Amino acid sequence: MLYLYSFIEIVYVILAAPLITGVQRSLEERIESKQGPSILQPYYDLIKLFHKESIVPQISSPVFRLGPYVIVMFYAFLAMILPIITAFPLPFAPSADFIGGGLFFGAAAAIKKFSAIDSRSNYAHLGTSRSASLAVFTEPIIVLIFIMLGVISNTNNPFVINNVLRSSPQWYFSLVHGFVLVAFFMVLIIETGQLPVESHSNGELGMIDQAMPFEYTGTDLAMYKLGSYMKTFILLSVFLNVYLIPFGVPMESSGFLSIIIYMGIHLLKLTGLIVIFALLNTTISKFRLYKNFDFLAVAFALAFLASLAYYIVK
Amino acid sequence: MNQIFEVLGFLLIVFTLLMQWEIHVQRIIILFAASSFIIALFLVLLGLNRPHEENMLFVLAGLTIVVRGITIPVVMNKALHRLYKKPWRVREDKPMMGVGGSILLSLVLITIGYFIYQNSLYSVLKVRSGSVPFALFLQASLLIISHKHAYIQMIGFLVMENAVVMLSGWVFGGLPFIVEAGVILDLLGLVVVSSLIIRVRESSILREGDTYESELRG
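Source: prediction; values computed, not measured.

Participant: Could you clarify how one ought to interpret the overall build of chain B in this entry?
Facilitator: Counting its secondary structure elements, chain B contains 9 helices and 0 strands. Ordered by position from the N terminus, the helices and strands of chain B form the series α-α-α-α-α-α-α-α-α. When each of the 218 residues of chain B is scored for burial, the buried share is 33%.

Right, dumping it as structure tokens:
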């Protein structure tokens, strides 16, 4: 049965990930009083791209072709080990804790950069350079966040952290959790490429994630996009299920039906978060590129204050 | 109740960090007004927690709202409108250091404040979170020395006073009202006394029948 849950989880992530991006794009346009694309537009794009031929730069190596497929594989694996639709570990969960999961996220990001660089496109290099500069500063923040939650729960297991936070109001309403929550939200903005940090246009002055897949086409681009959708979906799910609203995620005793029902609730939770992102994206103007590091400094300060609050308040 | 005080204390630290992040003077004034309201809330809660101090803490909270939450920010804002055509664009032109650097330095100071308190007053006072006002005090000092704009420096000074109010209310409970009110009102008092002195001086000059020019001639 547990293997069936794993299978359902991975299929759910792959199928629902583009929907969340579609909802966000549609919502942003509607906030700006435009008609906007259908929420199914990412699916249409993916289907169109899967039917197209891939063109590969002559000077690129196999890394360029393989990169997007490996990235999707990594995210599919992460979908099986993180608490997305269950609050109990599924068969593959013991293979990595939070730090291990972080390493997989890091590895996927590194492969993304390597494959982008391998295209030899100047724009891809530009995006990779910017992405790496930001990642250098986001990684310590993420590590600090994980360490603080490890301190709270005495473990690095996301399922245990979920259980500690849902069963202990003392920790859930603590300053440490509050600071970690805000710091993680800020990191989420960076990791999912939301507007204060990254514009969604192809303007040279601000583009990061738009620049990296510049040379990708056809099926390869579809896989690259699917990987990005899955990354956003998984990160938002972890933020919601482990940190922000750990309540109501089905336990093993809840049964199959409750997991199916929870998928709908999970989508609603994600939509709520997407509404916040859409409001942010339509109301806050983009920071200039070098100002992103100030944003990161504040996120780091909040994560650091979480550790200080732990020692002061305990 | 202690947990609420700790939350308010850390909120003030975060507000001061946001002041370091922000470069527009008008927004810093708003942040200061908001932090003053937090101080007032802190005093109200302290008053509810210490009924033996009668209503003095509520009076202090009211004074804080009137003076620091409303009057000083409004006066500063009006002055900005008077001095600049686009007051919302007035900003720190030449910060002593970058925002990232100043925030990291702020964190270092918060840690130093914690260690100083832990190794000095904590053994006497036994209030673990008493380091929060210390940290706030050091942060405010950094706000002053890392900015050149007079308004921001003045707000840094006011934040420093907020830290003193917090420290006196939280850690040294039972201070005489006149002392605590003095801390809250000192800036206003300074302005009032200065303006009174100037008025008295002006009237004495006019009584003698001298003009401003003759005063300048000495």
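Participant: It is not clear to me how the interface of chain A and chain B should be interpreted in this structure. Could you clarify?
Facilitator: Where interface size is given, it is often the accessible area lost as the parts come together that is meant. Contact residues are listed per partner, giving 12 residues for chain A and 17 residues for chain B. No other element matches helix H11 (residues 292-313) of chain A, which puts 11 residues into the side of chain A that touches chain B. Tallied by class, the residues present in the side of chain A that touches chain B amount to 11 nonpolar, no polar and 1 charged.

Participant: Would you explain the environment of alanine 150 of chain B in this entry?
Facilitator: Tracing the backbone through its elements, the reader meets alanine 150 of chain B in helix H7 (residues 150-170). For the pair alanine 150 of chain B and isoleucine 70 of chain B, spaced 80 residues apart in sequence, the C-alpha to C-alpha distance is 20 Å.

Participant: Honestly, helix H6 (residues 158-167) of chain A in this entry has me stumped. Any pointers?
Facilitator: Owing to its 3.6 residues per turn, the α-helix brings residues three or four apart onto one side. Residue and element names in this part refer to chain A. The buried fraction of H6 is high, at 7 of 10 residues. Looking at H6, one finds that the buried residues are Pro158, Phe159, Val160, Ile161, Asn162, Asn163 and Leu165. The secondary structure elements touched by the buried residues of H6 are helix H4 (98-117), helix H5 (122-153), helix H7 (169-172), helix H8 (175-191) and helix H9 (218-244).

Participant: Can you walk me through the confidence of the model for chain B in this structure?
Facilitator: Atomic detail in the predicted coordinates should be set aside for any region of low pLDDT. All names here are of chain B. Per-residue pLDDT for chain B averages 81, and the proportion of residues at 70 or more is 80%. Here helix H9 (residues 212-217) stands out as the element of chain B with the lowest mean pLDDT, 62, in contrast to helix H2 (residues 25-49), whose mean of 90 is the highest. Scored by ipTM, the complex comes to 0.77, with pTM at 0.84.

Quick notes on the rules
Every chain is numbered on its own, with residues counted from 1 as its sequence reads. Whichever chain is written first is A, and whichever ligand is written first is 1; the rest continue in order. Where totals are concerned, whole chains, interfaces and linings use all residues; where local detail is concerned, this predicted model gives features only for residues with pLDDT of at least 70, and gives and counts side-chain atom pairs only at 80 or more. Helix numbers and strand numbers start at the N terminus; a helix is a DSSP run of H or I with at least 4 residues, a strand a run of E with at least 2. To sort residues by exposure, count the other C-beta atoms lying within 10 Å of each residue's C-beta; 20 or more gives buried, 12 or fewer gives exposed, and values between give partly exposed, all with C-beta atoms placed from the backbone. Once C-beta atoms are placed from the backbone, any two residues with those atoms within 7 Å are in contact. Classification convention: Asp, Glu, Lys, Arg as charged; Ala, Val, Leu, Ile, Met, Phe, Trp, Tyr, Cys, Pro as nonpolar; all other residues, Gly among them, as polar. pLDDT runs from 0 to 100 and stands for how confident the predictor is about each residue.

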